Amino acid sequence: MENKRLPQDKGRELWIDYIKGICLVGIIMFHINPSLGYSPYLVSWFLAGFFFTGGYTFRLYGGFKEFFIRKFRYLVVPVFSFGILNLLLSLVAKDISFIRRIEGIFFQLPGRDDDMWFVACLFVMEMISYVIVRFIKDYRLRIFACLALLAAGWCWKDYVDIPLPWHLVTACMMIIFVGLGYEAKRVDLYRRLKDFVAKKSGKSIAAGLLLIYLLLAWHWDNVVDIHLLNYGKTIYFYLLALISLPVLFMICVMLEHVSGSLFCKSIKYIGVNSLAYYGMQSKIITIVITAGMYIGHSASIVPMVIVYTFIVLLILAPLSYFINRFMPFMLGRAYKNK
């Protein structure tokens, strides 16, 4: 049963939208220029944060058939709709292999024209989570199952190294964050942390964790691309992710105190529309970077990356509104009555 004590904003929990919004901004910054020195500060938390919120909002929704249909509608349909849109845009922009792009959409293999890989991976994780939550009643066994899948994915990545469709290996390796999110909801972690960060000691601990995270990331020289199953030093990646999650969680809880600010409203809008933002961001980034290079301003330094990120977010705002208002089928949704 959904906890009625959680703060609601027209049926939504603000801090969840804040996490999604902040994580989406991190994804866009990383995609603009992943080779710059700021990448270690981003890669360990922005996907883990998304998966965590996915676990926090996870529900069984009846039997498996009903659950599957619902997830197919809201996750698989966007994989194909945005995949086809990106295919058409690529055909206009340059000469590409049509067959290869179609195969990429259907098979979702790592690095093979799988623009919507994260959503495809999330669908697989939802199916795995259904089995775990439906058939394992003890929370300790649920966490153990997630850890066992992590170990299996890790071994497959390191010793088999054969890509599996729909990012099954990544789903296994990241399912632990979904599991942690689900257990956080079960114990009402939001209320506990809200009370905790209201205290001076809570703020001090949050600041301390943030400092530890920044120091660890500062010394991290790994090249990480979860999309391509490259975790660098895998243990180090998970350590940073586990430290960053409570920090991100507490920051977003504290943002609720200034929810009326322009910053919070903007982050919330991005979080609410994160699927549309994610579906369009790769092509918009390409267009913005190309235009910037044409006028002599490449994204080779951090200040320009920040400028580019802001421009991309501005362009995506009306596009996401247009998709939600006039093309909701791309998101697996029905048209709203006026």
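No experiment lies behind these values; they were computed from the predicted model shown. (Residues numbered from 1 in each chain as written. Predicted model: local features only at pLDDT ≥ 70, side-chain atom pairs only at ≥ 80, totals over all residues. Heavy atoms only, no water.)

**Student:** Just checking my understanding: could you explain the overall build of the protein chain for this structure?
**Tutor:** Broken down by element type, the protein chain carries 13 helices and 0 strands. When the helices and strands of the protein chain are placed in sequence order, the string is α-α-α-α-α-α-α-α-α-α-α-α-α. On C-alpha atoms alone, the protein chain measures out to a radius of gyration of 20 Å, which is about the 20 Å that the 2.2 N^0.38 rule sets for 338 residues. In terms of principal-axis extent, the alpha carbons of the protein chain reach across some 55 × 55 × 45 Å. Across the 338 residues of the protein chain, 50% fall into the buried class. If you take every contact in the protein chain between residues at least 6 apart in sequence, the share linking residues at least 24 apart comes to 76%. Total accessible area on the protein chain is roughly 17200 Å²; 69% of this is exposed by carbon and sulfur atoms. If the 35 positive side-chain charges of the protein chain are averaged to one point and the 20 negative ones to another, these points end up 8 Å apart. (Helix = DSSP H or I, 4+ residues; strand = E, 2+ residues; numbered from the N terminus. Rg over C-alpha atoms; globule rule 2.2 N^0.38 Å. Buried < 20%, exposed > 50% of the residue type's maximum accessible area, 1.4 Å probe, protein only. Contact = heavy atoms within 4.5 Å. Areas by Shrake-Rupley, 256 points an atom, 1.4 Å probe, with all protein chains shown as cover. Lys, Arg positive; Asp, Glu negative; His and termini not counted. Charge placed at Lys NZ, Arg CZ, Asp CG, Glu CD.)

**Student:** Would you mind going over the side chain of lysine 283 with me for this structure?
**Tutor:** Examined against the element boundaries, lysine 283 turns out to sit in helix α12 (residues 274-294). Setting aside residues no more than four positions away along its own chain, lysine 283 makes contact with Asn86, Leu89, Ser90, Arg101 and Asp115.

**Student:** Mind showing me how you'd approach the nonpolar core here?
**Tutor:** Nonpolar side chains in soluble globular proteins tend to end up buried together. Judged by nonpolar contacts, the single largest core of 105 residues is most densely connected at Trp15, Phe46, Leu47, Phe51, Met174, Phe177 and Tyr238. Setting aside chain neighbours within four positions, we find leucine 47 in contact with Ile27, Trp117, Phe118, Met174 and Ile226. (Core = buried A, V, L, I, M, F, W, Y, C linked by side-chain atoms within 4.5 Å.)

**Student:** What is the right way to look at the packing of aromatic side chains in this model?
**Tutor:** Two numbers describe a pair of aromatic rings. These are the distance of the centres and the angle of the planes. Overall, the coordinates contain 28 aromatic pairs when judged by the stated rule. Seen in terms of ring centroids, tryptophan 117 and phenylalanine 118 are 6.2 Å apart; in terms of plane orientation they differ by 85°. Their pairing is edge-to-face. In this structure, tryptophan 117 and phenylalanine 118 share a single accessibility class: buried. Put simply, the rings of Phe58, Phe64, Phe67, Phe68, Phe72, Phe80, Phe106, Phe123, Tyr130, Trp166 and Tyr182 pair up and form one aromatic cluster. (Phe/Tyr/Trp six-rings, centres within 6.5 Å; stacked < 30°, edge-to-face > 60°.)

**Student:** Just to check I follow, could you spell out the pattern of salt bridges for this structure?
**Tutor:** Side chains carrying opposite charge are able to pair once their charged atoms draw close together. Summed over all chains, the structure comprises 10 salt bridges. One salt bridge in this structure joins aspartate 138 and arginine 140, with 3.0 Å as the shortest N-O distance. For the salt bridge of arginine 191 with aspartate 188, the shortest nitrogen-to-oxygen distance reads 2.9 Å. Taken together, the shared-partner salt bridges connect Arg100, Arg101, Asp113, Asp115 and Lys283 into one network. (Salt bridge = Lys/Arg side-chain N within 4 Å of Asp/Glu carboxyl O.)

**Student:** What exactly am I supposed to notice about the packing of α12 against helix α13 (residues 302-326) here?
**Tutor:** Think of two packed helices as two axes; the pair is described by the angle between the axes and how far apart they sit. Across the interface, α12 lies against α13 with an axial gap of 9 Å and an inter-helix angle of 135°. Taken together, the axis directions place α12 and α13 in an arrangement best described as oblique. Two packed elements cross with a definite hand, and for α12 against α13 that hand is right-handed. Residues Ala276, Tyr277, Met280, Gln281, Ile284, Ile285, Val288, Ile289, Gly292 and Met293 of α12 form the contact with α13, whose participating residues are Tyr308, Ile311, Val312, Leu313, Ile315, Leu316, Ala317, Leu319, Ser320, Ile323 and Asn324. (Axes fitted to C-alpha atoms, helices over the stretch in contact; angles between N-to-C directions. Parallel < 35°, antiparallel > 145°, perpendicular 65-115°, else oblique. Left-handed = near helix turned anticlockwise from the far one by under 90°.)

**Student:** Would you mind showing me how to read helix α11 (residues 262-272) here?
**Tutor:** Each α-helix winds once per 3.6 residues, and so residues spaced three or four apart point in a common direction. Turning to α11, its buried residues are Cys264, Ile267, Ile270 and Gly271. Seen end-on, α11 carries its buried residues on one side only, within an arc spanning 125°. Relative to its buried face, α11 has exposed residues pointing more than 90 degrees away, namely Leu262 and Lys265. Along its buried surface, α11 packs onto α1 (14-32), α10 (234-255), α12 and α13. (Arc of directions from axis to C-beta.)

**Student:** It is not clear to me how helix α5 (residues 117-135) should be interpreted in this structure. Could you clarify?
**Tutor:** Its 19 residues give α5 an end-to-end C-alpha distance of 28 Å, which sits within 8% of 27 Å, the value for a rise of 1.5 Å per residue. Burial runs high along α5: 16 of the 19 residues are buried. (Expected span 1.5 Å × (residues − 1).)

**Student:** Where do I start with unusual backbone geometry in this structure?
**Tutor:** In most cases, non-glycine residues show a negative phi, while peptide bonds are predominantly trans. Positive phi values are uncommon outside glycine, yet tryptophan 166 reaches one of about 55°. Although it is not a glycine, leucine 229 adopts a positive phi angle of roughly 60°.

**Student:** Would you take a moment to explain a nonpolar patch on the surface for this structure?
**Tutor:** A contiguous nonpolar surface patch, about 460 Å² in accessible area, is contributed by Ile84, Leu88, Leu91, Phe98 and Ile99. Of all the secondary structure elements, the ones that give two or more residues to the nonpolar patch are α3 (64-93) and α4 (98-107). Its location among the elements puts leucine 91 in helix α3. (Patch = residues over 30% accessible without salt bridge, like charges linked within 9 Å, V, L, I, M, F, W, Y side chains within 5 Å.)

**Student:** Honestly, the state of the cysteines in this entry has me stumped. Any pointers?
**Tutor:** Two cysteines whose sulfur atoms are joined by a covalent bond form what is called a disulfide. Within the structure shown, the criterion is met by 0 disulfides. Just so you know, cysteine 121 is unpaired, no disulfide at all, and the nearest cysteine sulfur is the one on cysteine 172, 8.9 Å from it. Overall, the relative accessible area of 0% leaves cysteine 121 in the buried class. (Disulfide = S-S within 2.5 Å.)

**Student:** Is there a simple way to explain the environment of serine 35 in this structure?
**Tutor:** Tracing the sequence through the fold places serine 35 in the loop between α1 and α2 (46-56). A residue is classified by how much of its surface remains accessible, and serine 35, at 66% relative accessible area, is exposed. The spatial distance from the C-alpha of serine 35 to the C-alpha of isoleucine 315 is 24 Å, given a sequence separation of 280 residues.

**Student:** Even after reading the chapter, I still don't get the confidence of the model for the protein chain, so can you show me in this structure?
**Tutor:** Low pLDDT marks regions whose predicted coordinates should not be analysed in detail. Mean pLDDT over the protein chain works out to 87, with 94% of the residues at or above the 70 mark. Counting interchain partners and residues more than four positions distant, the pLDDT-below-50 stretch residues 1-10 has 19 contacts. (pLDDT = per-residue confidence, 0-100.)

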